[in-house]
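What follows is the residue order along each chain.
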Amino acid sequence: MQVREDQHRLFQLLCQSKQPWDVQELAQQAGMDQPMAMGTVTFAQHEGWVTVSEIERLELIASDDANARVCSELPERQFIYVLQKYGKMALQEVAQEAQKLGLQVNEIIKWGTQRGWLQKQGRELVVSEAGKKITPQLHDDDEKMFRLICDANWRKEKLPEAKGEARIFLDQLPALGIDPERVRELLKNRAELAKIKSRTQRKVTLTDKGRAAIASLSVACEEKNQLTSEDILSGNWKKISLRPYDVTLAAELKHVSKIHPLQKIIQEARQAFLQMGFTEVVSPQAEVSFWDFDALFQPQDHPSRDMQDTFYLKRPKEGPLPDAGLVEKVRQTHQNGGTTGSAGWGYQWKPQEARKMVMRTHTTATTVRALAADPKPPRKVFCVGRVFRNETIDFKHLPEFHQVDGIIIDNSASFCALLGTLREFYRKMGFSEVKFKPSFFPYTEPSADVLVWMPQKKTWLEFGGCGVFRPEVTEPLGCTVPVLAWGLGLERLAMMRYDLNDIRVLYGSDLDWLQEVSLCQ
Amino acid sequence: MPVIGISVKYLNALLKTSLSPEELTETLGQLGCDADEPADIAIYECPQCRVPSEKLSQEEAPRRCVICGHEAESDFPSIGSDKVVRLDLLPARSDLFDPGGLSRALKGYLEIETGLPHYHVETPEIRVEVSPDLSLPQSYRPFIACAVVTMPPLDGLLLRVLMKLQENLHWGIGRNRKLSSIGVYDLDTITPPIFYGAASPTATTFCPLGLSKPMTAAEILEKHPKGIAYAHLLKPLSAYPLLRDSRGQVLSLPPIINSNETKVRIGTTRLFIDVTGITQSDVDKSLNTFITSLSEMGGHVQAVIVRHQDSEKITPDLEAKEIQIHLDKAHKWLGFDLKASDLVRYLERMRLGAHGRSPVYYVKYPVYRADIKHEVDIFEDIAIAHGFANLPLHMVSTMTVGEERAEEKVSQTARQIMLGMGFDEIVSLTLTTEQNHFTKLRLTPGQEHVMLLNSKLSDYNVVRCHLWTGLMESLNKNRRKAVPQKFFELGNAIIYSGEEKIPREERRLAFCIIGPDTGYAEARAVIDTLLKDLRKSGQYKPLEHPTFIGGRAAELTTSDGYKAYLGELHPEILENFGLGFPVALGELTLAQAI
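Residues numbered from 1 in each chain as written. Chains lettered and ligands numbered in written order. Predicted model: local features only at pLDDT ≥ 70, side-chain atom pairs only at ≥ 80, totals over all residues. Heavy atoms only, no water.

### Observations regarding the domain arrangement of chain A
All names here are of chain A.
1) Next: As far as domains go, chain A holds domain 1 (2-54 + 198-242), domain 2 (66-197) and domain 3 (261-516).
2) Next: Taken together, the five residues of domain 1 in the interface contact six residues of domain 2.
3) Next: Taking both sides of the interface into account, the surface hidden between domain 1 and domain 2 amounts to around 460 Å²; carbon and sulfur atoms contribute 42%.
4) Next: Of all residues in domain 1, the largest losses of buried area upon contact with domain 2 belong to Gln24, Ser198 and Arg199, amounting jointly to 72% of the total for that side.
5) Next: Connecting domain 1 to domain 2 are zero salt bridges.
6) Next: Linking domain 1 to domain 2 there are zero residue pairs in polar contact (both at pLDDT 80 or more).
7) Next: Looking at the side of domain 1 that touches domain 2, the elements with two or more residues in it are helix H2 (23-30) and strand E8 (194-206). (Domains from an automatic or database assignment. Contact = heavy atoms within 4.5 Å. Buried area = accessible area lost by both parts, 1.4 Å probe. Salt bridge = Lys/Arg side-chain N within 4 Å of Asp/Glu carboxyl O. Polar contact = N/O pair within 3.5 Å; in protein donor to acceptor, adjacent residues only side chain to side chain. Helix = DSSP H or I, 4+ residues; strand = E, 2+ residues; numbered from the N terminus.)

### Thoughts on empty space enclosed by the protein
1) Next: Considering all chains together, one arrives at eight cavities of 30 Å³ or more under this definition.
2) Next: Its volume calculated, the largest cavity comes out at about 420 Å³.
3) Next: Lining the largest cavity are 32 residues; nearest its centre among them are A:Val384, A:Gly385, B:Glu408, B:Asn492 and B:Arg507.
4) Next: Tallied by class, the residues present in the lining of the largest cavity amount to 10 nonpolar, 11 polar and 11 charged.
5) Next: What the second largest cavity holds in volume is close to 120 Å³. (1 Å grid on protein atoms, 1.4 Å probe; cavity = no way out; pocket = protein on both sides within 12 Å on 5 of 7 lines; lining within 4 Å. Points joined across faces, edges and corners; volume = space filled by probe spheres on them. Nonpolar A, V, L, I, M, F, W, Y, C, P; charged D, E, K, R; others polar.)

### Concerning the packing of aromatic side chains
Centre-to-centre distance and the angle between the planes together describe a pair of aromatic rings.
1) Next: A full pass over the atoms with the stated rule returns 22 aromatic pairs over all chains.
2) Next: Centroid distance A:Phe273 to A:Phe278: 5.1 Å. Interplanar angle 70°. Geometry classified as edge-to-face. Just as A:Phe273 is buried, A:Phe278 falls in that class too.
3) Next: Cluster of aromatic residues (ring-pair linked, three or more members): A:Phe273, A:Phe278, A:Phe382, A:Phe425, A:Tyr426, A:Phe431, A:Phe463 and A:Trp486.
4) Next: Lying over the aromatic face of A:Trp345, B:Lys373 brings its terminal NZ or CZ to 3.8 Å of the ring centre. (Phe/Tyr/Trp six-rings, centres within 6.5 Å; stacked < 30°, edge-to-face > 60°. Buried < 20%, exposed > 50% of the residue type's maximum accessible area, 1.4 Å probe, protein only. Lys NZ or Arg CZ within 6 Å of the ring centre and 35° of its normal.)

If you want it as structure tokens, here you go:
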């Protein structure tokens with residue numbers, strides 16, 4: 001029988017040693033790539049020349065920067081030095097200090113506590129006795145363990161049987177005096193340092209039949225891994241046999257440049273409304289209170305206009321009001337209902353309050369501007385934009401996020417048509433079950449909260465609000481037909497789809513996350 | 001928004017039902033309440049003033065009393081526990097803040113008792129004299145409305161319900177006691193008539209709630225926890241409002257605190273209630289909401305004569321109000337087939353009354369429904385009574401053609417080009433700090449960025465006027481990962497353009513490359529590629545700019561009149577962001593957005 005030269009080499013190697021061969025090592029020594037070697041082994045197995053045993057091994061794969069992180073810069077370690085100086089710190093200061101160092105507060109607290117270095121007491125972070133003893137020289141056992149795993153050079157020295165291989169397996173750890181269970185435990189929550197992946201190792205043992213068969217093998221004439229351009233052009237390819245691959249082996253993933261996952265959802269939301277015949281509109285992010293609040297019949301002392309919730313601007317402090325006729329209609333509507341048939345709020349409306357500039361608190365400011373600009377039915381408009389709330393930053397909150405707002409101005413518009421439209425929108429976004437719950441907004445009546453069923457979490461999640469604009473909103477703007485309106489959040493939807501617990505990840509641009517996240521749908 | 005816990009046991013007792021916490025939560029949700037998961041609570045008592053307080057059972061026990069300010073070394077003693085349904089309060093529906101009001105709405109919705117509730121008000125026996133001083137600017141709190149309510153003897157639960165309702169009405173209607181505030185007293189400790197006048201802050205002393213030491217009003221504002229919390233409401237005045245009885249016994253210092261002597265306690269049955277404030281409508285609204293809820297919990301209301309210098313008024317007025325609705329308009333507004341026979345049944349289910357003949361109806365609504373301003377408010381009640389889950393969903397049939405914004409179209413194309421060139425897209429925040437937006441980029445903050453006035457994150461008071469900060473933060477975040485790295489962001493830069501003008505917005509594309517071999521040439525290649533694919537051209541000229549290395553930066557004006565900047569970052573900036581390789585960066589305006 002004729003075999004290729006490299007296959008021949010491989011079989012010779014098998015004959016030389018009585019020990020079972022690891023396929024990877026065999027490939028290396030025979031100068032073949034692994035899929036090719038595996039193909040040859042599979043062929044030999046079919047012929048009954050070899051037996052192949054498979055063992056599952058767990059490989060530890062340290063991340064690129066694990067060594068650097070572990071050596072000096074685990075967040076709890078960086079921060080414990082700061083905390084040692086003060087003994088204890090208010091959580092608020094912790095947040096500020098952590099920001100200066102570029103650290104995540106939750107990581108500091110989580111790991112610092114887990115390692116017994118610090119404790120949360122009420123609204124303070126306190127260094128523990130163990131924490132006081134931490135010095136840059138003294139690393140504890142866990143940290144040493146991380147270091148050993150992550151430092152390939154060190155391993156080469158300690159683990160000669162690995163033969164200089166860069167890989168390390170969980171079952172090799174006891175030889176290094178490390179408890180594999182402890183490593184598993186630590187990495188469960190610290191995936192940024194290293195991951196555990198299951199690998200199949202194949203061992204090949206020559207049979208007697210194989211030994212006899214190999215003795216009678218001869219080498220075939222020309223064999224190649226890769227066709228060259230010359231082979232193709234010259235017609236030489238006819239004499240060449242190309243080696244088969246093991247096509248079942250997994251390949252390494254490519255680096256992909258991707259649309260940002262949050263942008264993906266924004267674009268899907270835009271497409272959904274465009275497909276439903278909506279026209280896209282925009283409005284300023286730095287907005288006059290008039291459009292953010294007053295035009296929406298929100299009284300000037302309404303809690304949502306509070307400094308606590310709304311960003312007011314220092315520059316520019318005030319902005320322009322629309323034409324005097326419209327301002328007058330809005331003033332009257334607030335005060336006594338004007339000509340809308342409403343009782344109004346019964347207070348003195350002040351133009352200076354309406355002139356105050358804010359960062360818009362909702363994109364309903366955008367749609368109400370669009371309504372004012374052209375109130376004639378039929379019209380359907382939508383926008384996706386950023387909105388701002390005076391919040392501090394934590395895993396649930398950011399001071400800004402995206403909303404998709406829309407309105408339908410139509411003679412046949414009704415509350416039922418509003419709910420039907422939103423059901424259709426969420427169906428397009430991949431959610432088949434939607435329900436509505438009565439709610440309250442100062443500018444819609446009736447008002448509803450929109451809840452969407454999350455099959456994987458088996459729960460209803462609230463994604464936004466909707467309603468029919470009150471006549472106190474529409475009539476001063478010159479509109480006499482019902483106007484359907486909604487404002488829906490996108491970040492929560494993104495967190496659901498990408499399985500995130502921390503909203504900051506969406507704005508954090510961590511390359512590993514950007515690579516690993518599946519855009520799906 | 002405050003969250004309240006409503007005792008499941010008590011609510012069932014009022015309803016004469018035995019609904020589970022989950023059933024109650026579900027039904028309240030259908031009614032429009034913002035109901036959370038049911039929870040267990042523990043009840044504690046202040047060892048000094050004996051006032052009970054509630055905490056979720058997983059929360060720590062209190063050690064400090066919010067009423068009298070007593071601070072204990074150890075946890076307050078627990079005196080019981082309860083199961084509650086939890087509601088986020090909606091300011092517009094202050095009639096749904098307490099078990100009484102909720103039971104009234106639930107009775108209707110569950111059809112246990114429907115239609116307009118009637119409240120009998122007995123003829124007045126007590127008089128309140130109001131001094132004209134309260135209309136003067138230096139002691140302004142002119143409006144007052146009062147009532148007497150006889151309750152079943154108060155037990156711990158009822159006392160807590162009463163106090164919580166009072167506090168929540170302070171928030172919901174009183175705007176934290178500014179517009180109106182409620183005082184509740186044991187009438188048996190008072191000798192009518194009652195005098196509502198103004199007094200100098202240091203003239204009168206009395207024991208504030210929870211304390212047995214007499215203090216002047218000025219001292220209360222300085223030392224008592226409630227005084228400190230609400231001092232700002234009285235500080236502008238030189239004489240403070242004060243309620244006293246005919247013996248001179250102080251009832252309260254509105255809107256701060258009651259006196260200890262006249263407080264309600266376990267066993268009290270006759271309550272005197274006053275609401276003072278700076279608007280008549282909020283004073284009336286607070287009183288009416290409060291006493292109609294007490295009525296639902298077994299209270300009987302008696303009126304009070306309020307005598308001003310030259311007029312006399314009897315409060316409260318609990319007469320229902322009326323609004324006209326049109327059936328055809330309701331049908332059009334809601335979009336489902338509404339029968340005249342169903343209409344009246346639905347309205348009664350929502351505790352409203354109705355008479356009239358199709359298509360015009362006159363709807364009577366109780367005084368506590370302060371949210372009703374327009375017939376559309378009645379339409380909502382009709383939809384709730386019908387049940388949102390039973391609505392026939394559809395869409396408007398009118399054909400319209402959609403159209404996207406120009407800046408979004410060009411952004412989409414630019415995104416495809418950038419992704420094709422191997423750049424990763426990022427999304428960063430619009431709000432940033434002066435440090436990250438200017439100083440670390442060797443820029444001096446100029447006049448063209450928008451600034452926040454009141455950010456809770458004290459450093460975050462700059463609105464971005466370029467997109468470089470997000471890119472730099474991304475490079476910093478990924479500084480330990482393999483290079484080269486390439487990022488881009490598409491977003492709006494917000495530019496302040498002068499006094500009283502709305503800031504402009506430009507849609508921009510910004511990108512950066514970090515790596516050992518990057519430089520001006522690479523940034524230039526990216527921009528030229530973009531321009532070609534977007535079918536634009538541009539004029540380059542050298543740029544001296546503090547952010548870039550001298551001689552390695554350019555400004556570009558595109559054929560459609562927009563600017564672009566590109567270059568190699570100054571090494572000091574690399575240091576500022578903790579980077580170890582050269583960075584090339586560029587920013588191109590794609591379109592005017594606002």
